Amino acid sequence: MSKVWKYGDDVNTDMLFPGKYTYSCSKAEQILPHLLEDLDPQFASEVRPGDVVMAGKNFGCGSSREQPALGLRAAGIEAVVAKSFARIFFRAAINQGLLLVECPEAVDAFRAGDTVGLDPAAGTITVGGKGFSFPSLPEEILAIRRAGGLLPYARAKLRSRR
Amino acid sequence: MGKTFAEKLLALKAGKNDVRPGEIVTVRPDHLLSHDNTAAIVEKIAGDLAEFGVANPDLHVVVLDHVAPASTEKDAENHKAIRQYVARYGVKHFFDVGTGVCHQIMVEKGLARPGMLVVGSDSHTCMYGAVGAFATGIDRTEASALILTGETWLRVPESIRIELRGVLSPGVTAKDLILTVIGQMGSDGANYQCVEFHGDIANLTIDDRLTMANMGIEMGAKAAVFEVDARTIGYLKAAGVPRDSYQPIWADADASYSQSRTYELAKLSPVVAKPHKVDNVVPVEEVAGTPIDQFVLGTCTNGRASDFELAASILRGKRIAAGTRLLLLPASREILTQTMASGAMATLLEAGGMLLPPGCGPCLGAHLGVLAGGERCLSTSNRNFKGRMGCAKAEIFLASPATVAASAIHGSICDPRKEIAR
């Protein structure tokens, strides 16, 4: 069964991926061992594909480094569910194809041991049996996600212009 | 209804008459900045570069500053790969190690100008709002796509209006002002939004405005901007940017804002951001006497000539406390030269300071003054996150150059007004 990793408000990029590794680790296999190192030392070794990260407001604030979004995507995180996201992390997640769900009610409803179910297409999330809805993303952003991230999207655009 | 700065500028860059907050627009930025992360950005598109080439070699500005000069073999290989990229693709806006911190270089070399749209693969890109540019941070993948296509998407932000009235008191600086604003707004108080500073901005120097715009991201802002005035025009002229090379843009008087705030500058006092969050702001009195191991004076936030001159006026003829260290980190070579000519740097060295090469230094914990467990640092930089300057068990306090200089004399946090009054 997938696990829910629950954290508080203002989880910043240094907690998600310490700045000291920023210029020595850029690939998924280099990032994964240090993911959330200063926030939750268990995370890197115990995270499994399909797990969900849940947090309070302003998740991903701080640096523009993309290792947190890239790392969470590579770890197989199904979605990050938070009360709100910091703007550069929000962009980075879209550009990596990582699903973000902004739903304060779902975060408030979560109790330890609750299971979380997601239906991104319908914009619904269930927490411990209770259902909530979240607003879907604008079409331009969904197109980037459909393409598999910003780079595949950009390549397709360049080829279509030829 | 009138338009905000962001609405006007993004409409212009998107080639539209009108854009509204929440709308997604496709824009072609005037410049794209990257630094030591350039190799990682270029590596993602190695095959694509061979296939498509670069959209525009003049778009990309590359500055080596984060680990400058290289500290390990790995850093050296990274810098080498970046130098090969700029040579191969004809990137003419390239500044090698020792020139300074990328954000200072963008302004100092006239690469960020009024009315420009600049994106950078670094969160403190928002600094160029000080000279009337819309400047915002992006991630590496987005920078990669920009090199290939020259365009990206932006959501038109809502805007926040901050009215500044009056003049700051002696010993109180623009750093205290912006930390006060961030403390009240909270670390996400301006998330996704553009912060416009209005009012008596003529009382703030360009250096003051650079410090403030630099920290816009610490309240989540997408951009933080000042109106272009006589001071901006004079500053740019001195930097070799002719008046006819840019078109200032500013908000209409009847523009619509998500919120408005007013600050009476004379009522402000020195403040400190305590570990481990930038919005954890308290009056300096509350933390006075906290012992400090390392002082950092400089960085892209407060590493300009006026910052060193202010610190030198406090440390002249004095010594830093025994058992402490004072790191001096000018934001650029040009600033270092200025502070050498003015004598400020000599004063700070005589007081016991240690000069670091212009660049990011210990600010992000990569080299040149990282902290050990249990150590405390008082810094003029912009971020005090856990683990930022090395060990996660170290503590970082943020303050103004005046507070750092005064505190260095005592070896503990001290109200700078006491030292100025002496």
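Being a predicted model, the structure only gives us computed values, none of them experimental. (Residues numbered from 1 in each chain as written. Chains lettered and ligands numbered in written order. Predicted model: local features only at pLDDT ≥ 70, side-chain atom pairs only at ≥ 80, totals over all residues.)

A. Quick peek at the overall build of chain A. If you tally the helices and strands in chain A, you get eight helices and seven strands. A globule of 162 residues ought to have a C-alpha radius of gyration of about 15 Å, and chain A, at 16 Å, matches this closely. Summarising its shape, the C-alpha atoms of chain A cover approximately 55 × 40 × 25 Å along the three principal directions. For chain A, buried positions account for 46% of its 162 residues. Here the contacts in chain A between residues at least 6 apart in sequence split such that 62% fall between residues at least 24 apart. (Helix = DSSP H or I, 4+ residues; strand = E, 2+ residues; numbered from the N terminus. Rg over C-alpha atoms; globule rule 2.2 N^0.38 Å. Buried ≥ 20, exposed ≤ 12 C-beta atoms within 10 Å, placed from the backbone. Contact = placed C-beta atoms within 7 Å.)

B. A look at helix α7 (residues 174-185) of chain B. All names here are of chain B. The terminal C-alpha atoms of α7 lie 16 Å apart, and with 12 residues this matches the ideal 16 Å at 1.5 Å per residue to within 8%. Within α7, 10 of the 12 residues are buried, leaving the element largely enclosed by the surrounding structure. Regarding α7, the residues found buried are A174, K175, D176, L177, I178, L179, T180, V181, I182 and M185. Backbone geometry just downstream of α7 places G186 in the positive-phi region, at approximately 90 degrees. (Expected span 1.5 Å × (residues − 1).)

C. Up close: unusual backbone geometry. In this model, A68(B) is joined to P69(B) through a cis peptide bond whose omega is -5 degrees. The residue P69(B) is located in the loop between β3 (60-63) and α4 (73-89) in this model. Of note, the bond from P275(B) into H276(B) is cis; its omega dihedral lies within 30 degrees of zero at -5 degrees. Residue position: H276(B) is located in the loop between β12 (271-273) and β13 (281-283). For N58(A), which is not glycine, the phi dihedral falls at a positive 60 degrees. Note on placement: N58(A) falls in the loop between β2 (52-55) and α4 (67-74). By the C-beta count within 10 Å, which is 25 here, N58(A) ends up buried.

D. Focus on the sheet that holds strand β6 (residues 124-127) of chain A. Residues and elements named next belong to chain A. Spatially, three strands are ordered β5-β6-β7 in an open sheet, and the strand pairing comes out antiparallel. On the outer flanks of this sheet lie β5 (116-119) and β7 (130-133), each paired with one strand and no other. Between one strand and the next, the sheet's axes are offset by a mean angle of 20 degrees, whatever the strand orientation. As paired elements, β6 and β7 share four bridges and run antiparallel to each other. Bridge pairing in β7 places T126 opposite G131. (Pairing = 2+ DSSP bridges. Axes fitted to C-alpha atoms, helices over the stretch in contact; angles between N-to-C directions.)

E. The arrangement of the pairing of β3(B) in detail. All names here are of chain B. On β3, burial covers both faces: H60 and V62 on one face and V61 and V63 on the other are all buried. Bridge count for strand β2 (residues 31-34) against β3 is three bridges, and the pairing is parallel. In the strand pairing of β3, L32 is matched with H60. Here three bridges tie β3 to strand β4 (residues 93-95), and the two strands are oriented parallel to one another. Note that in β4 the partner of V62 across the bridge is F94. Taken together, β3, α4 and β4 form a β-α-β motif whose crossover is right-handed. (Right-handed = clockwise from strand over helix to strand, strands pointing away.)

F. Main features of α4(A). Residues and elements named next belong to chain A. Counted residue by residue, α4 has six buried out of eight residues, so it is predominantly covered. Residues Q67, P68, A69, L70, G71 and L72 constitute the buried set of α4. Looking at the buried residues of α4, the elements they touch are α1 (13-16), α2 (28-31), β2, β3 (79-82) and α5 (87-96). G76, located one to two residues past α4, shows a positive phi value of around 90 degrees.

G. Focus on the domain arrangement of chain B. Residues and elements named next belong to chain B. What the domain assignment reports for chain B is domain 1 (5-15 + 24-264) and domain 2 (271-416). A C-alpha centroid distance of 24 Å is found between domain 1 and domain 2. Between domain 1 and domain 2, the residue contacts involve 34 residues of the former and 31 residues of the latter. For the side of domain 1 that touches domain 2, the secondary-structure elements that each account for two or more residues are α5 (102-108), α7 and α8 (206-214). In terms of residue count, α7 provides more of the side of domain 1 that touches domain 2 than any other element does, six residues in total. Partitioning the side of domain 1 that touches domain 2 into residue classes produces 11 nonpolar, 17 polar and six charged. (Domains from an automatic or database assignment. Nonpolar A, V, L, I, M, F, W, Y, C, P; charged D, E, K, R; others polar.)

H. Representation of the sheet that holds β3(A). All names here are of chain A. Strand order in the open sheet formed by four strands is β1-β2-β3-β4, with parallel pairing between adjacent strands. Strands at the two margins of the open sheet, each flanked by one partner only, are β1 (4-6) and β4 (100-102). For this sheet, the mean inter-axis angle between neighbouring strands, taken without regard to orientation, is 20 degrees. As judged from the three bridges shared by β1 and β2, these two strands associate in the parallel manner. When the sheet's bridge partners are listed, V4 is paired in β2 with V52.

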